[in-house]
Structure formats: C-alpha cells, structure tokens
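The lines below spell out each chain.
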Amino acid sequence: MPDTLFTLPEPVTLPVNGETARYPVGRVFCVGRNYAAHAAEMGTEVDREAPFYFTKSACHALNSGCTLPYPAGTKNFHYEMELAVAIGTPLFQADLTEATAAIYAYGCALDMTRRDVQQALRAKQRPWDLGKDVEGCAVFARLTKAADMGHIGSQKIGLSLNGKQRQNATLNDMVWSVPELVCHLSGYYHLRPGDLILTGTPAGVGPVVTGDDITGSIDGLDPIQLTIG
Ligand code: MN
C-alpha cells in the first residue's frame, strides 16, 4: 500500500443470506423509466429503443435499517422502491446467457431522490446528479443469491410509507428485463463483482418528511426499511 495523505472511508458492505462474508459496494448503476406507469406519472414515456442510466457514488450506499437525515437542498425528497441486481463475475459485451450467469444476488433497494432538483435539471436538459446522487441515497437490504431467488417474473414489489401501501407492482412489469439490462450495460462498462444495478421503480413514488418510516418488499427477498431522521 502506498503512503497516503489521508484515509478514505472503507467501502460500504452488504450482508448476504447464507454467507458470513459481506458484499462490498463497488459501483451503483440505476436504470431510468423501467416501469411504464412510473414513466407516465413523471410526465414522460419509456424509451423502448434502449434503457438509460444514471449513477450513484458507492460511498452514498446505506444499509437497510438506518436513519437517513432529510437532505439539504430539497423540499421534495422522494422514495423509489427497486430491485437491486448484484454482479458476481467480470462481464463485458455479454450476451443474455452470459449476463444471466453473471448475476450473483438480488436485493431490495431504495433510490432516494431530490425530485424537485431532478425535475428542474431535467427541464434545463442538465445532468441529474444533484437530484439523484444524494448522500445516503442508495439503500440496500440483505442480498439473496440468484439461485435462491429463482426466475424473475411475477414476484410482487411494493413499498409502504408509515404502514400505508404506496407502490405495488410485479417484477415482470419492467420494460427491460434484468438480463437485458445487464447485457446492455456490459456494452459500455467492464462489469465486475461489486457492481450493483438498481432496475427502476414502479408507479406510486412520493415525498417523505422527517420521522417517516419506509418499508419495502419483493417476494422472495429480505425486506428493506429506512427511517427519515
Ligand atoms: Mn430509480
């Protein structure tokens, strides 16, 4: 190790069912508009030519069960419940079979968003970073290995805010399937273990306030919980 001027934080790590070792968070890729009903509620349409992405800093990942302070710079902080895909083997320019084989695990995730900032940036055709790459904005539950999850299809994905259901869909409502997303993204990045993909959110996104309790679930996976502090 070279001598460094200061020490950076250790990588955020996620627990994995059936493992004592944890999954370190490398890169966080997020898919935009992957559920038609959510694209519509945002006043947009899904792009059926190709998926599109934004990224979140790995150091902004947070474990389920944490309290996230209401962030500065927004008056409309939103939850988005998503399926996270964790890559387990190196992958570049993969086909669908290779993409499927490279998936190590799945988990519940939250893409927390400064919606007002995102929409203002979108209107000006500027990058979304201030809206999306918020400190503590990528929340991950305990991962479940892909073999234990089985085929991605009719599993329910849902989110409740203070006990009231706000999002309710099934994973096969996704416009781009998980293998299609991994395959497509591997055309641009040398994907590797530690890379996580948030696969988009269903309709029903909305704002949170200090004191709110967010719980999310996907059939077959460990649930996710976040408190807004
Ligand atoms: Mn999202």
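Below is a summary of the structure that appears in this document. (Residues numbered from 1 in each chain as written. Predicted model: local features only at pLDDT ≥ 70, side-chain atom pairs only at ≥ 80, totals over all residues. Heavy atoms only, no water.)

Here we take up the coordination of the manganese ion. Protein coordination at the manganese ion: the donors are Glu80 (OE), Glu82 (OE) and Asp111 (OD), at 2.0 to 2.1 Å from the metal. In the primary structure, the donors to the manganese ion are separated according to the pattern E-x1-E-x28-D. Per residue, the accessibility class of Glu80 equals that of Glu82, and both read buried. (Donors = N, O, S within 2.8 Å, 3.2 Å for Na, K, Ca; no water. Buried < 20%, exposed > 50% of the residue type's maximum accessible area, 1.4 Å probe, protein only.)

Right, let's talk about the pairing of strand E8 (residues 81-87) for a bit. Of all the seven residues making up E8, seven are buried; the element is thus mostly covered by neighbouring parts of the structure. A two-sided burial pattern is seen for E8, the buried positions comprising Met81, Leu83, Val85 and Ile87 on one face and Glu82, Ala84 and Ala86 on the other. Bridging between E8 and strand E9 (residues 103-111) involves seven bridges; their strand directions are antiparallel. Across the sheet, residue Ala84 finds its bridge partner in E9, namely Gly107. (Helix = DSSP H or I, 4+ residues; strand = E, 2+ residues; numbered from the N terminus. Pairing = 2+ DSSP bridges.)

Moving on to a nonpolar patch on the surface. There is a patch of nonpolar side chains on the surface, built from Leu5, Phe6 and Leu8 and spanning about 440 Å² of accessible area. For Leu8, the position within the fold is in the segment before strand E1 (13-14). Under the relative-accessibility criterion, Leu8 is labelled exposed at 62%. (Patch = residues over 30% accessible without salt bridge, like charges linked within 9 Å, V, L, I, M, F, W, Y side chains within 5 Å. Areas by Shrake-Rupley, 256 points an atom, 1.4 Å probe, with all protein chains shown as cover. Salt bridge = Lys/Arg side-chain N within 4 Å of Asp/Glu carboxyl O.)

Counted by the stated rule, this structure contains five aromatic pairs. Geometrically, the ring pair formed by Phe52 and Trp128 is edge-to-face, given 5.8 Å between the ring centres and 80° between the ring planes. Of the two residues, Phe52 sits in strand E4 (residues 52-56) while Trp128 sits in the loop between helix H3 (115-123) and helix H4 (129-132), which places them 76 residues apart along the sequence. Taking the relative accessible area as the measure of exposure, Phe52 reaches 24% and is therefore partly exposed. By way of ring pairs, the aromatic residues Phe52, Phe54 and Trp128 are connected into one cluster. (Phe/Tyr/Trp six-rings, centres within 6.5 Å; stacked < 30°, edge-to-face > 60°.)

So, about the side chain of His60. With respect to the helices, strands and loops of the structure, His60 is situated in the loop between E4 and strand E5 (61-63). A polar atom in the side chain of His60 sits 2.8 Å from the side chain of Asp133. Setting aside chain neighbours within four positions, we find His60 in contact with Asp133, Val134, Glu135, Gly136, Cys137 and Ala138. (Polar contact = N/O pair within 3.5 Å; in protein donor to acceptor, adjacent residues only side chain to side chain. Contact = heavy atoms within 4.5 Å.)

This brings us to the sheet that holds strand E13 (residues 156-161). If you walk across this open sheet you meet the five strands as E6-E18-E17-E13-E14, and the pairing is mixed. The open sheet has two edge strands with one neighbour each: strand E6 (67-68) and strand E14 (164-170). Taken together, the five bridges between E13 and strand E17 (residues 213-218) define a ladder with antiparallel strand orientation. Counterpart to Ile157 in the pairing with E17 is Ile218.

Once that is clear, we can look at the sheet that holds strand E16 (residues 206-207). With respect to topology, three strands assemble into an open sheet ordered E10-E7-E16, the strand pairing being antiparallel. Here the strands that pair on one side only, and so sit at the sheet edges, are strand E10 (113-114) and E16. With two bridges connecting them, strand E7 (residues 77-79) and E10 associate as antiparallel partners. Within E10, the position partnered with Phe77 by the bridge is Arg114.

Right, let's talk about the environment of Ser160 for a bit. Mapped onto the elements, Ser160 comes out in strand E13. The residues contacting Ser160, other than those within four sequence positions of it, are Gln165, Arg166, Asp213, Ile214 and Thr215.

Once that is clear, we can look at the pattern of salt bridges. By the definition in use, this model includes six salt bridges. Between Lys145 and Glu19 there is a salt bridge, with its nearest N and O atoms 2.5 Å apart. One end of the pair, Lys145, is in strand E12 (residues 144-145); the other, Glu19, is in the loop between E1 and strand E2 (23-24), with 126 residues separating them in the sequence. Residue classification places Glu19 among the partly exposed residues on the basis of a relative accessible area of 36%. One salt bridge connects Lys56 with Asp111, and the closest N-O pair in it is separated by 2.7 Å. Here the residue Lys56 occupies a position in strand E4, and Asp111 occupies one in strand E9, the gap between them amounting to 55 residues.

Note: α-helices contain 3.6 residues per turn, so residues at a spacing of three or four share the same orientation. Within the span of H3, buried status applies to Arg115, Val117, Gln118 and Leu121. Along the long axis of H3, the arc covered by the buried residues comes to 165°, so they all point the same way. On its buried side, H3 packs onto helix H1 (36-41), E7, E10 and H4. (Arc of directions from axis to C-beta.)

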